[in-house]
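Residue strings, one per chain:
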Amino acid sequence: MRASGLFFSCVVAASLLLVSCGQETEEDPATSADAEILSIMIEEMDPAADGIWQSAGWIITEEGEQELWPTTDEGWQAVADSAERLKTLSADLDAPVYSAMGKPWSLSLVRLTEASEAARVAAEARDKQGLFDAGGDIYRACLMCHLRYAREAEMAGSDAGE
Ligand code: HEC
């Protein structure tokens, strides 16, 4: 009796183990895609967007209002490069591997691509208002995807205000 009870629980334990192993392998691809998206966001997307947002607009300091727009050719070039980087990242994120994400995913990337191209054109033309407007459109494209796909609602706006 005892022996067969032990045998029974071993079989149950073994099959539970199999079930959980099976689940793990099934979950792996999704988890690694999530981790990959998060690291692209933090290490690449965010710095590239900052390269535009931190160079367009005004900040209020003790001394009063200060303009953020570049004052040198190198500065404007860096903004154009950031815009180009955002376009590349948009294309990377629209790869077939993410197609399961659905239409809103691709649509927000189309918006991000358009806004980034507008930012690049504005930077090359030294067009301050154009760059400011494109920066707003970029922000809305980030928001569009985050509202739909990001797990935490509070991260929807990411750090655009910084
Ligand atoms: C096509 C969809 C999409 C677009 C467009 C997008 N993101 Fe994201 N972003 C995500 C998803 C999904 C996550 C959540 C990833 C996770 O938690 O696994 C995320 C997370 C982030 C995070 C991490 C937040 C945290 O948890 O700390 C930052 C920062 C971020 N995005 C910045 C941006 C910026 C800046 C833009 C626009 C320039 C942008 N993202 C555009 C999909 C997108």
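Further up the page is the structure itself.
In this report, we go over the structure that sits alongside the text. Note that the structure is a prediction, hence the values are computed from the model and not measured.

Rules used in this analysis
Residues numbered from 1 in each chain as written. Predicted model: local features only at pLDDT ≥ 70, side-chain atom pairs only at ≥ 80, totals over all residues. Helix = DSSP H or I, 4+ residues; strand = E, 2+ residues; numbered from the N terminus. Contact = placed C-beta atoms within 7 Å. Near = placed C-beta within 6 Å. Nonpolar A, V, L, I, M, F, W, Y, C, P; charged D, E, K, R; others polar. Pairing = 2+ DSSP bridges. Core = buried A, V, L, I, M, F, W, Y, C linked by C-beta atoms within 7 Å. Buried ≥ 20, exposed ≤ 12 C-beta atoms within 10 Å, placed from the backbone. Expected span 1.5 Å × (residues − 1). Arc of directions from axis to C-beta. Axes fitted to C-alpha atoms, helices over the stretch in contact; angles between N-to-C directions. Parallel < 35°, antiparallel > 145°, perpendicular 65-115°, else oblique. Left-handed = near helix turned anticlockwise from the far one by under 90°.

### Some thoughts on the overall build of the chain
Per the secondary structure count, the chain includes 4 helices and 2 strands. Secondary structure elements in the chain, listed N-terminal to C-terminal, are α-β-β-α-α-α. Long-range contacts, defined here as pairs at least 24 residues apart, represent 56% of the contacts in the chain between residues at least 6 apart.

### Let's talk about the site of the ligand
Every one of the 23 residues lining the ligand counts as a neighbour, but Met41, Ala49, Cys142, Cys145 and Tyr149 are closest to it. Elements represented by at least two residues in the shell around the ligand include exactly helix H1 (2-53), helix H3 (103-124) and helix H4 (128-149). A breakdown of the residues in the shell around the ligand according to their chemical character gives 17 nonpolar, 3 polar and 3 charged.

### Describing the pairing of strand S2 (residues 64-67)
Along any regular strand the residues' side chains alternate between the sheet's two faces. Taken together, the 4 bridges between strand S1 (residues 58-61) and S2 define a ladder with antiparallel strand orientation. Looking across to S2, one finds that threonine 61 is bridged to glycine 64. In this antiparallel pair of consecutive strands, S1 and S2, the connection spans 2 residues.

### Regarding the nonpolar core
The biggest cluster of nonpolar side chains holds 24 residues, and the ones touching the most others in it are Ala49, Ile52, Ala119 and Ile138. Within the residue set of this core, elements represented by two or more residues are H1, helix H2 (73-93), H3 and H4. In this structure isoleucine 52 touches Val79, Ser82, Ala83, Ala119, Gly135 and Ile138, once residues within four positions along its chain are discounted.

### Describing H3
With 22 residues, H3 should cover 32 Å at 1.5 Å per step; its first-to-last C-alpha distance of 32 Å lies within 8% of that length. All of the buried residues in H3 are Ser108, Leu109, Leu112, Ala115, Ser116, Ala119, Arg120, Ala122 and Ala123. Looking down the long axis of H3, one finds its buried residues gathered within 160° of arc, a one-sided arrangement. Every exposed residue of H3 that faces more than 90 degrees away from the buried side is listed here: Lys103 and Val110.

### Digging into unusual backbone geometry
Although it is not a glycine, arginine 126 sits at a positive phi angle of roughly 55°. Within the secondary structure, arginine 126 is located in the loop between H3 and H4.

### Details of H4
With 22 residues, H4 should reach 32 Å at 1.5 Å per residue; the first-to-last C-alpha distance of 32 Å fits that figure. Residues of H4 that are buried include every one of Leu131, Ala134, Gly135, Ile138, Ala141, Cys142 and Cys145, and no others. Mapping the buried residues of H4 onto a view down its axis gives an arc of 120°, with all of them on the same face.

### A look at the packing of H2 against H3
Where H2 meets H3, the closest approach of the two axes is 8 Å, and the angle between their N-to-C directions is 165°. Taken together, the axes of H2 and H3 lie roughly antiparallel to each other. Considering the relative orientation of H2 and H3, their crossing is left-handed. The residues of H3 that touch H2, namely those facing Trp76, Val79, Ala80, Ala83, Glu84, Leu86, Lys87, Ser90 and Leu93, are Leu109, Leu112, Thr113, Ser116, Glu117, Ala119, Arg120, Ala123 and Glu124.

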